[in-house]
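Chain by chain, the residues:
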Amino acid sequence: MKTTILSFAMILIAVVTYAQDKNKKMTFDVNGKCAMCKERIEEAALNVKGVKYANWDIPTHQLAVIMDERKTDAMKIKTAIVAVGHDTKELKATDEAYNSVHPCCLYREDNSDDGAHHKN
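Residue positions within a chain follow its written sequence, with the count starting from 1. Side-chain atom pairs in this predicted model are given and counted only at pLDDT of 80 or more, local residue features only at pLDDT of at least 70, and totals for whole chains, interfaces and linings cover all residues. With hydrogens and water stripped out, all remaining heavy atoms of the structure feed into the side-chain values.

Engineer: Quick question: what am I supposed to make of the side chain of His86 here?
Structural biologist: Secondary structure elements are defined from DSSP: runs of H or I of at least 4 residues count as helices, runs of E of at least 2 residues count as strands, and each element is numbered from the N terminus. On the secondary structure map, His86 appears in the loop between α3 (74-83) and α4 (95-99). For the purposes of these results, a polar contact is taken to be a pair of N or O atoms within 3.5 Å, where, inside protein, one atom must be able to donate a hydrogen and its partner to accept one; residues adjacent in sequence count only when each atom of the pair is a side-chain atom. A distance of 2.8 Å separates polar atoms of two side chains, one belonging to His86 and the other to Arg40. When checking whether two residues touch, look at their non-hydrogen atoms; a contact exists if any pair is within 4.5 Å. Those residues in contact with His86 that sit more than four places away from it in its chain are Val30, Asn31, Gly32, Cys37, Arg40, Ile41, Ile81, Ala93, Val101 and Tyr107.

Engineer: Would you take a moment to explain the pattern of salt bridges for this structure?
Structural biologist: Pairs may arise between side chains of opposite charge once their charged atoms sit close together. We define a salt bridge as a side-chain nitrogen of Lys or Arg found within 4 Å of a carboxyl oxygen belonging to Asp or Glu. With the rule as written, the count across this model stands at 7 salt bridges. Through salt bridges with shared partners, one network takes in Asp87, Asp95 and Arg108.

Engineer: So what exactly am I meant to see when it comes to the sheet that holds strand β3 (residues 62-68) here?
Structural biologist: Backbone-to-backbone hydrogen bonds pair the strands of a sheet. The strands run either parallel or antiparallel. Taken together, 3 strands build an open sheet; the order of strands is β1-β3-β2 and the sheet is antiparallel. Unpaired on one side and paired on the other, β1 (23-29) and β2 (51-57) mark the two borders of the sheet. Shown here is a sheet whose adjacent strand axes are inclined to one another by a mean of 15°, direction ignored. At least two bridges found by DSSP between two strands are what make those strands a pair. Note that β1 and β3 share 7 bridges and pair antiparallel. Residue pairing in the sheet places Asn23 in a bridge with Asp68 of β3. Every angle, taken between N-to-C directions, lies between 0 and 180 degrees, and every axis is a line fitted to C-alpha atoms, over only the stretch in contact when it is a helix. Of the strands in this sheet, β2 and β3 are in contact with helix α2 (residues 35-46), which crosses β2 at around 160°.

Engineer: Would you mind going over α2 with me for this structure?
Structural biologist: Three or four residues apart is the spacing at which side chains of an α-helix point the same way, because the helix has 3.6 residues per turn. Take the residue count of a helix, subtract one, and multiply by 1.5 Å to get its expected span. Here α2 contains 12 residues, and its C-alpha end-to-end distance of 16 Å stays within 8% of the 16 Å for a straight helix at 1.5 Å per residue. Throughout this description, buried means an accessible area under 20% of the type-specific maximum (1.4 Å probe, protein chains only), exposed means over 50%, and partly exposed covers the range between. Of all the residues in α2, the buried ones are Ala35, Cys37, Ile41, Glu42, Ala44 and Ala45. Elements in contact with the buried residues of α2: β2, β3 and α3.

Spelled out as structure tokens, the structure:
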């Protein structure tokens, strides 16, 4: 009986430990300027299977995500972001994707924070 209870306890600990490791928090740089950029970047990240949370900070250009590492990785998220026109440190959006964003969101020449001017 003791062996059965001990075995069950060990299995329970292993399952709980494994369940906690599936979510990973990370941040990375994403270029943009305003609230419209914020919405576009966060939506692109959240549309990647396995991303549970995405928050892009306008002044710091930092995207914070929580993702299930069993379903996705950072490069898949960054690929989705460049597809909607926003550069990361590792990947650059195509000219076509970059030019498809709203004119106020064009950040390559002027990467200032326009968040106060463009509220959704």
